Amino acid sequence: MNMPAGKLTNGLIIANVVIFLIIWIFGWQQQALLRGGFFPIRLSGEALDLAAYGWLVPAWLTPLSSAFLHSGLLHISFNMLMLLFCGRFVEQAMGPGLMAILYVVGAYAAAFAQYAVDSGSMIPMVGASGAISAILGAYALLFARNRVDAVGPIPGHVVRIIWLTLAWVGIQLMIGVATSGSLQGIAIFAHIGGFVAGLLLTRPLLEWRFRSA
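## As for the pattern of salt bridges
Here comes step 1: All told, the structure shown has 1 salt bridge when counted by the stated rule.
Here comes step 2: For arginine 203, the salt bridge identified is with glutamate 207, shortest N-O distance 3.6 Å. Here arginine 203 and its partner glutamate 207 are both found in helix H9 (residues 188-212), 4 residues apart, which amounts to about one turn of the helix.
Here comes step 3: A relative accessible area of 42% means that arginine 203 is categorised as partly exposed.

## Some details on the packing of aromatic side chains
Here comes step 1: Summed over all chains, the structure comprises 6 aromatic pairs.
Here comes step 2: Judged by centre distance (6.4 Å) and plane angle (70 degrees), the rings of phenylalanine 85 and phenylalanine 89 are edge-to-face. Placement of both phenylalanine 85 and phenylalanine 89 in helix H5 (residues 73-94) is noted, with a separation of 4 residues, approximately one turn of the helix.
Here comes step 3: The exposure class assigned to phenylalanine 85 is partly exposed, which follows from its relative accessible area of 44%.
Here comes step 4: Ring geometry for tyrosine 108 and phenylalanine 112: centres 6.2 Å apart, planes at 40 degrees, overall tilted.

## Observations concerning the nonpolar core
Here comes step 1: In terms of nonpolar packing, the biggest core is built from 30 residues, with Met94, Leu102 and Tyr103 touching the most fellow members.
Here comes step 2: For this core, the secondary structure elements donating two or more residues are helix H1 (7-26), H5, helix H6 (96-117), helix H7 (129-143) and H9.
Here comes step 3: Tallying contributions element by element places H7 first for this core, with 8 residues.
Here comes step 4: For leucine 102, the contacting residues outside a window of four places in its chain are Val90, Met94, Ala134, Ile135, Ala138, Ala197, Gly198, Leu201 and Leu205.
Here comes step 5: In this structure, Phe38, Ala110, Ala111 and Ala187 belong to the second largest nonpolar core, which totals 6 residues.

Parameters at a glance
Residues numbered from 1 in each chain as written. Predicted model: local features only at pLDDT ≥ 70, side-chain atom pairs only at ≥ 80, totals over all residues. Heavy atoms only, no water. Salt bridge = Lys/Arg side-chain N within 4 Å of Asp/Glu carboxyl O. Helix = DSSP H or I, 4+ residues; strand = E, 2+ residues; numbered from the N terminus. Buried < 20%, exposed > 50% of the residue type's maximum accessible area, 1.4 Å probe, protein only. Phe/Tyr/Trp six-rings, centres within 6.5 Å; stacked < 30°, edge-to-face > 60°. Core = buried A, V, L, I, M, F, W, Y, C linked by side-chain atoms within 4.5 Å. Contact = heavy atoms within 4.5 Å.

The analysis is restricted to geometry; functional conclusions fall outside its scope.
Pasting the structure below:
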């Protein structure tokens, strides 16, 4: 798959922005959220009373469909800035095909992490934050400048993953505490799930890329 560096990143940004604008222009915010948002309870096999909205995205696909829906201008702006800043570097290192895999796996890892902590939730989760968290995890691992030594039998690259995970978990928990009670809830466990997926997948994906080169 021969694509110029940054083309996938730009494509993801354009897709997210176009979808957001279409939904906003036609006033489909509620319909889009209910049809394509990720409801943890749907993965438990529970049926929701959403008959008034007709067809729904299949439950197994909502972790991905929800990653292309955003609740407002600030939400999508922040996510797209993070994707623009980190995505182009990760894409250059991995190539567009493997970064696409990382993005999709990040979206699913985020959804399943949120499901694991609140499987009965009827509150829909939307936004690319989980998928982008996987990109951020890869970026942090690829471009961290500090050298990490092994700790006993634990290799240095594993120690780095552990430290980055703990730091990200700490940041997300602080965000959760700071925004407690807010009507615009933040799915911090989804962010953690996506980030950890990025950390764990980066090395295998790079090995796959260069072994296949």
